[in-house]
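Structural overview
Below are the chains, spelled out letter by letter.
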Amino acid sequence: MIRINCPFCGPRDHSEFTYGGDASIVYPALDAPMDDWHDAIFLRENPCGMQSETWHHVNGCRMWLVVERDTMTHEIRSVRPAHQGNAAVMSAAGDKS
Amino acid sequence: MTRYSAWAVLKAGFSGQKNWDRQWRDPEPQKRYDVVIVGAGLHGLATAYYLAKNHGLRNIAVLEKGWLGGGNAGRNTTIVRSNYMMPGNRQFYEHSLKLWENLSHELNYNVMFSQRYHVSLFHSPAARDAAARRYNTMRLTDSDGELWDLATLKTNIPHLNYNNARFPIIGAAVQKRAGNARHDAVAWGYARGADGYGVDIIQNCEVTGVTRVDGQVTALETSRGRIEAGKVGFAVAGNTSRLWQMAGLGRLPIESHKLQAFVSEPLKPLLDHVVVFGVGGAHFYISQSDKGGMVFGGDLDWYKSYAQRGNLPIVQDVAECATSILPCLGRVRLLRHWSGVMDMSMDGSAFICKTPLDNLYLNAGWNYGGFKASPASGWYFADLIANDRPDPVIANLDLDRFRRGVIIDERGAGPDPKLHG
């Protein structure tokens, strides 16, 4: 079991989350050339080692997180909210759920 | 190489069965080979075998970082079937099944291929219609397939959960020529066959670097020294991206995920067929080995990983699937479980293709399905390497297919590797 330290809920088992995918992908502009879209949709770095990836705390706060995790040791280096704006709003409203 | 036969066993009996030859040599690597295949799994060994057998090449090496057949060749549930529908896949997997049917004779090695029926359960009229379409396509394209109604299914497999299931079983799609095989024997048979043609199988030889000159691979740096190569084939599913980046080729439409498999303690004969169950988020396949262990597996571990070890939530998930269709397994103890690293591709289909480098060829992206594919994979990959052009059957198994809009997506899951099964 991997333990993910959710910034909103604290440390939880990874079975509370669903796995998103590679968080390093930057999607191109809607009118960007087809090749840019091909690369973003279909090509992956697939590192053996540290990578950043998205997880969805679907059985918790339902927030999307960006997790830096080692794909060989499964060690987690950092966890942060995927949408910084939402985090700021929740924080301002004092919502700790 | 001693040819195996009943007579050979009888003869060896006079010396207490103690004078059998090694099945393959353990050679020192030479300085140069015409063809170097990286990866002595089923695909790499089959490729070397068919390069020698079908194309007359002899100066071939297969490099293996660990031991022969110690990767995914030894980490699967040994299911063989050809119930694929998409153009290209259909012909490819049918060819593979035909090779399986004669493989023990071909290799003079008992791979214990057992055509014990692949029984895929369905639980709704929609699933039955989809199965009818798929299995009719198979019947129209030189294969076999049939639908069983509930009565037929109950006669053949009486102890499935027919009474109390969350998703009641209403029938099954069956391929009778499908079944399973002994995974180690396939690796050993191909290794022995290739070695018999003079192929050097070099174990404990990890590739650490790829030397390129002018768009060509000239040599591989390995843990056992530098090996020059005329042509190079990568067949290292699971670690394809690492080798690809070692060759300086950038990104691939592949992610590495891990898949677990399980075996129970041995039981008396219980299940004569391969049974597959998939509905409501469940995904499960089970058969019984000749030793009596129930061999089964389920979904990926969901998150990307290169670690050959599985996580516990999937153990629970698969155990729940097992008891939901075969409640009689409830008290059976798990003996072992293991995990292999899969190349999960963007459409769930493989790559057997040329690469941006003139003399480098790629065999990768086998998702869940590499075991059954291995004979045809070796067959077509050898043909590609020897003739420097793809056979029409594998023409769309190239890296550029997504750019052309060719998506060979049997499951219709979209470009998310973890969703392909």
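Presented here is an overview of the structure given in this document. Because the structure is predicted, anything quoted here is derived from the model rather than measured. (Residues numbered from 1 in each chain as written. Chains lettered and ligands numbered in written order. Predicted model: local features only at pLDDT ≥ 70, side-chain atom pairs only at ≥ 80, totals over all residues.)

**Things to note about the overall build of chain B**
- For chain B, the count of helices and strands is ten helices and 18 strands.
- By principal-axis analysis of the C-alpha atoms, chain B measures approximately 65 × 65 × 40 Å.
- Counting every position in chain B, which comprises 421 residues, the buried fraction comes to 50%.
- Considering only contacts within chain B whose residues lie at least 6 apart along the sequence, 75% involve residues at least 24 apart. (Helix = DSSP H or I, 4+ residues; strand = E, 2+ residues; numbered from the N terminus. Buried ≥ 20, exposed ≤ 12 C-beta atoms within 10 Å, placed from the backbone. Contact = placed C-beta atoms within 7 Å.)

**Description of the overall build of chain A**
- The helix and strand tally for chain A stands at two helices and six strands.
- When the elements of chain A are put in sequence order from the N terminus, they spell out β-β-β-α-β-β-β-α.
- The buried share of chain A, reckoned over its 97 residues, is 16%.
- Within chain A, contacts between residues at least 6 apart in sequence are counted, and of these 47% link residues at least 24 apart.

**Topic: helix α9 (residues 312–325) of chain B**
- In this model α9(B) runs 21 Å from its N-terminal to its C-terminal C-alpha over 14 residues, within 8% of the 20 Å that 1.5 Å per residue would give.
- Contacts made by the buried residues of α9(B) are with β12 (254–266), β13 (274–277), β14 (284–288) and β15 (293–304) of chain B. (Expected span 1.5 Å × (residues − 1).)

**With respect to the sheet that holds strand β6 (residues 171–175) of chain B**
Residue and element names in this part refer to chain B.
- Read from one edge of the open sheet, eight strands run β5-β6-β4-β13-β14-β15-β12-β16, paired in mixed fashion. The open sheet terminates on both sides in strands that have one partner only, identified here as β5 (146–149) and β16 (334–345). Strand-to-strand twist across the sheet, computed as the mean angle between neighbouring axes with direction ignored, equals 25°.
- Pairing geometry for β14 and β15, over four bridges, is antiparallel. In the strand pairing of β15, I286 is matched with F296.
- Sitting on the sheet, α9 touches β12, β13, β14, β15 and β16, and the angle it makes with β15 is about 135°. (Pairing = 2+ DSSP bridges. Axes fitted to C-alpha atoms, helices over the stretch in contact; angles between N-to-C directions.)

**Considerations on the interface of chain B and chain A**
- Across the boundary between the two partners, chain B contributes 23 residues, which contact 16 residues of chain A.
- Tallied by class, residues from the side of chain B that touches chain A come to twelve nonpolar, four polar and seven charged. (Nonpolar A, V, L, I, M, F, W, Y, C, P; charged D, E, K, R; others polar.)

**Observations regarding unusual backbone geometry**
- One non-glycine residue, A:H74, adopts positive backbone phi at about 70°.
- Mapped onto the elements, A:H74 comes out in the loop between β5 (64–70) and β6 (76–81).
- Although it is not a glycine, B:N367 sits at a positive phi angle of roughly 50°.
- Within the secondary structure, B:N367 is located in the loop between β18 (360–364) and α10 (370–387).

**What about helix α2 (residues 42–55) of chain B?**
Residue and element names in this part refer to chain B.
- An ideal rise of 1.5 Å per residue puts 20 Å on 14 residues; α2 measures up with 19 Å between its terminal C-alpha atoms.
- For α2, the tally of buried residues reaches eleven of 14 residues, placing the bulk of the element in the interior.
- Among the residues of α2, those classed as buried are L42, H43, G44, L45, A46, T47, A48, Y49, Y50, L51 and A52.
- Turning to α2, the residues buried within the fold contact β1 (32–38), β2 (60–63), α7 (183–196), β11 (225–234), β18 and α10.
- Following α2 by one or two positions, G56 adopts a phi angle in the positive range, close to 70°.

**Some points on the sheet that holds β6(A)**
All names here are of chain A.
- Read from one edge of the open sheet, four strands run β3-β4-β5-β6, paired in antiparallel fashion. Both edges of this open sheet fall to β3 (18–22) and β6, since each of them pairs with a single strand only. In this sheet, neighbouring strand axes are inclined to one another by 30° on average, regardless of whether the strands run parallel or antiparallel.
- Sheet analysis places β5 next to β6, joined by five bridges and oriented antiparallel.

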